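Letter by letter, the chains look like this.
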Amino acid sequence: MKKQAEFINSEKLKSLAHLKKESVELSLTRCGYEECNAGYIGGPHKKSYYTLFVVTDGESVSEIDGIEYHFKKNDFVMVYPEQEIAFKYAVTDTWSFAWVGFAGMKADECAIHAGFSPENPVQNINCSTQVHEFIDAVIEVRENTFSNILRRNGLLKIFFAELIEYNNKQFLEEQLK
């Protein structure tokens, strides 16, 4: 019998975790999204893999390795392995965020080509709807079968391809100004 990944599906939290890593190149480790009330405090958290957070609604104040950031809707926030993130408080009554955890030999290269660095971990990208669609597609194939692992990692590669194309387009537009 195949072990199923940990799946949580409640009114305010949808999460898929403990995914089996089959790809050395690039592997999805976890993903989900959550709606938080005012006063939400999370962390500090430190992971051994990359985590891309996306603010899908509202605003919050958070810290990455002790540096305070004000996150707002459509902010994509890359947290690198062994960096510490703490969600300090919500600025708005509610705020929502999604996350994608990933690892592998190409993980750093994907982050770089998508425009992120430890010194510049935040980008504002207007595509939070696509992030929810990606996470929903991944959650649909949550059972840890070999075919589903391939599907999830394929979806992750498509997700990064789109982020990288967006970053390249933004770079070209800035060069033409």
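Here, the structure is the one placed above.
Moving on: the pattern of salt bridges. When their charged atoms lie close together, side chains carrying opposite charge are able to pair. Tallied over the full model, the rule gives five salt bridges. In this structure, Glu63 engages Lys88 in a salt bridge whose closest nitrogen and oxygen atoms are separated by 3.2 Å. Highlighted residues: Glu63 in strand 6 (residues 59-64) and Lys88 in strand 9 (residues 84-90), separated in sequence by 25 residues. Given the relative accessible area of 23%, Glu63 is considered partly exposed. Among the residues examined, Lys88 registers a relative accessible area of 29% and is labelled partly exposed. Lys88 is paired through a salt bridge with Glu68; the nearest N and O atoms lie 2.8 Å apart. Highlighted residues: Lys88 in strand 9 and Glu68 in strand 7 (residues 67-72), separated in sequence by 20 residues. Residue classification places Glu68 among the partly exposed positions, given a relative accessible area of 48%. Within the structure, one salt-bridge network assembled from shared partners comprises Glu63, Glu68 and Lys88.

Turning our attention to the environment of Glu165. Inspection of the secondary structure puts Glu165 in helix 3 (residues 146-176). The class for Glu165 is exposed, based on a relative accessible area of 57%.

Judged by pairing direction, the sheet is antiparallel, and its four strands sit side by side in the order 4-9-6-7 without closing on themselves. Both outer strands of the open sheet, strand 4 (42-46) and strand 7, are each paired with one neighbouring strand and no more. When the angles between neighbouring strand axes are averaged without regard to direction, this sheet yields 20°. Pairing between strand 6 and strand 7: six bridges, direction antiparallel. If you follow Val61 over to strand 7, its bridge partner there is His70.

Definitions and limits used
Residues numbered from 1 in each chain as written. Predicted model: local features only at pLDDT ≥ 70, side-chain atom pairs only at ≥ 80, totals over all residues. Heavy atoms only, no water. Salt bridge = Lys/Arg side-chain N within 4 Å of Asp/Glu carboxyl O. Helix = DSSP H or I, 4+ residues; strand = E, 2+ residues; numbered from the N terminus. Buried < 20%, exposed > 50% of the residue type's maximum accessible area, 1.4 Å probe, protein only. Pairing = 2+ DSSP bridges. Axes fitted to C-alpha atoms, helices over the stretch in contact; angles between N-to-C directions.

Spatial relationships are all this shows, so hold off on functional conclusions.
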